[in-house]
Amino acid sequence: MNYRLIIFSVALLFLPPLALTLAEQEWEAPQPIMGAVWAPALLGMAALLAFSLLLDTLTFRRGSHSLLRSQRSYLLWCGVAGMLAGMLLGYLNLFAGAWFTPAAETAGLLLAALGGMLLLPAVLITRLWLAGLPGLVKLGTRRLALPALPAEASAKSLLLAALIGLLVGTIHIEHLGWLFWLSPLLLLAALQLLWHESTVFSGLAQGDWSRMLLGALAGILVCGGALASYRAGGGAIYLASDTWQMLIWFALFGLLCLQIGDIVAEHWRGKSRGEVFKKKSFPIPVVSKKDR
């Protein structure tokens, strides 16, 4: 888990500036816009926290199981991972200019980190709540099955696409911006395959689209609600995308959150090898027929 997240973070941090260096281009710092940011952001975070607590409570009442009540430590570590993911996405935005707020570079990264700390657990909670709605999961199951490719070939293809997005996409953001923002998910999925782990796309070979659809829907609901709360509180933000593009970015963020959540969950999955194969005590006791 640690190695994959380290490689993921290093790639996102160094590849975009490396691309500008190789292309002999200078980085232009995004200009903050006028307006309020911190008070509306705190209001939006409070609304997002209340929304998450509500859905977690509804999930618990429905099945006596929820992430906050049954897997609290896992959810806390997901918050830490979400903070890292939010900061990295905020850092990528310094090169892409997908959104502009009154916060400067450092303050913007801090704001993105705090937002990611709540957004990632909120997406996981929302997806679990959606999975319990009658008939919703069945909409994505037993659909068109995609051909199953070898894991190594798939990993190489995803890795190549991610590298192109982070390198070429940084230079030609106006044409390859979609691949630039898709690159974090592709890179993380490639690392998962190289480590022989599952990805959010693993069910497609069996025709199971439910996890992808629910994750994308959870990302849209959570990110859309957080943005609406921020704007309702008077927060200033300029988005360089139309509504349909924003829905796609929110859906991709939901899938990225699921993939990060899977990596964090590996620490709690099953038992360690030492626990499964316990060593026998030595010397081994011998029972004779007379002792029976």
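Residues numbered from 1 in each chain as written. Predicted model: local features only at pLDDT ≥ 70, side-chain atom pairs only at ≥ 80, totals over all residues. Heavy atoms only, no water.

1. Brief notes about the environment of L204
Right, on to step 1. Relative to the helices and strands, L204 resides in the loop between helix 7 (173-194) and helix 8 (210-232).
Right, on to step 2. On the basis of relative accessibility, which here comes to 9%, the residue L204 falls in the buried class.
Right, on to step 3. Between the C-alpha atoms of L204 and L144, which are 60 residues apart in sequence, the distance is 7.9 Å.
Right, on to step 4. For L204, the contacting residues outside a window of four places in its chain are L144, A145, L146, W209 and M212. (Helix = DSSP H or I, 4+ residues; strand = E, 2+ residues; numbered from the N terminus. Buried < 20%, exposed > 50% of the residue type's maximum accessible area, 1.4 Å probe, protein only. Contact = heavy atoms within 4.5 Å.)

2. Brief notes about the packing of aromatic side chains
Right, on to step 1. The final tally for this structure, using the stated rule, is 5 aromatic pairs.
Right, on to step 2. On the basis of an interplanar angle of 75° and a centroid distance of 5.3 Å, the ring pair of Y91 and F95 is categorised as edge-to-face. Separated by 4 residues within a single helix, Y91 and F95 lie in helix 4 (residues 72-96), roughly one turn from each other. The burial state of Y91 is the same as that of F95; both residues are buried.
Right, on to step 3. Put simply, the rings of W27, Y91 and F95 touch in pairs and so form one group of aromatic residues.
Right, on to step 4. The lysine or arginine in question, R69, covers the ring of F60, its NZ or CZ lying 5.0 Å from the ring centre. (Phe/Tyr/Trp six-rings, centres within 6.5 Å; stacked < 30°, edge-to-face > 60°. Lys NZ or Arg CZ within 6 Å of the ring centre and 35° of its normal.)

3. Topic: the layout of surface pockets
Right, on to step 1. Size it by volume and the largest pocket reaches roughly 430 Å³.
Right, on to step 2. Along the walls of the largest pocket sit 15 residues, with P147, L149, S154, L193 and F201 positioned nearest its centre.
Right, on to step 3. The set of elements that each furnish at least two residues to the lining of the largest pocket consists of helix 6 (151-171) and helix 7.
Right, on to step 4. For the lining of the largest pocket, the element with the highest residue contribution is helix 6, accounting for 4 residues. (1 Å grid on protein atoms, 1.4 Å probe; cavity = no way out; pocket = protein on both sides within 12 Å on 5 of 7 lines; lining within 4 Å. Points joined across faces, edges and corners; volume = space filled by probe spheres on them.)

4. Thoughts on helix 4
Right, on to step 1. Look at helix 4: 35 Å from first C-alpha to last across 25 residues, which is about the 36 Å you get at 1.5 Å a residue.
Right, on to step 2. G97 sits one or two positions beyond helix 4 and adopts a positive phi of about 65°. (Expected span 1.5 Å × (residues − 1).)

5. Here we look at the packing of helix 1 (residues 2-22) against helix 7
Right, on to step 1. Running from N to C, helix 1 and helix 7 cross one another at 150°; their axes reach a closest spacing of 10 Å. Considering the relative orientation of helix 1 and helix 7, their crossing is right-handed. Where helix 1 approaches helix 7, its residues R4, I7, F8, A11 and L12 are matched on the opposing element by P184, L187, L188, L191 and Q192.
Right, on to step 2. Partitioned by chemical class, the residues of the contact of helix 1 with helix 7 number 8 nonpolar, 1 polar and 1 charged. (Axes fitted to C-alpha atoms, helices over the stretch in contact; angles between N-to-C directions. Left-handed = near helix turned anticlockwise from the far one by under 90°. Nonpolar A, V, L, I, M, F, W, Y, C, P; charged D, E, K, R; others polar.)

6. What about empty space enclosed by the protein?
Right, on to step 1. If you walk through the whole model with that rule in mind, you get 2 cavities of 30 Å³ or more.
Right, on to step 2. The calculated volume of the largest cavity comes to roughly 1,200 Å³.
Right, on to step 3. Taken together, 45 residues line the largest cavity, and the ones lying closest to its centre are W99, A112, L119, I237 and F250.
Right, on to step 4. A per-element tally of the lining of the largest cavity places helix 5 (residues 105-131) first, with 10 residues.
Right, on to step 5. Residues belonging to the lining of the largest cavity are distributed by class as follows: 34 nonpolar, 10 polar and 1 charged.
Right, on to step 6. Every residue along the wall of the second largest cavity is listed here: L5, F8, A81, L84, A85, L88 and I260.

7. Topic: the nonpolar core
Right, on to step 1. Formed by 61 residues in total, the largest nonpolar core has its most connected members in L92 and I260.
Right, on to step 2. When contributions to this core are tallied by element, the ones reaching two or more residues are helix 1, helix 2 (38-63), helix 4, helix 5, helix 6, helix 7, helix 8 and helix 9 (243-265).
Right, on to step 3. Considering every element that reaches this core, the biggest residue donor is helix 4, with 12 residues.
Right, on to step 4. Sequence-distant contacts of L92, defined by excluding residues within four places in its chain, comprise L12, P16, L166, F180, W181 and P184.
Right, on to step 5. Counting residues in hydrophobic clusters, the runner-up holds 6 residues, among them A41, A103, L111 and Y230. (Core = buried A, V, L, I, M, F, W, Y, C linked by side-chain atoms within 4.5 Å.)

Geometry only, nothing functional implied.
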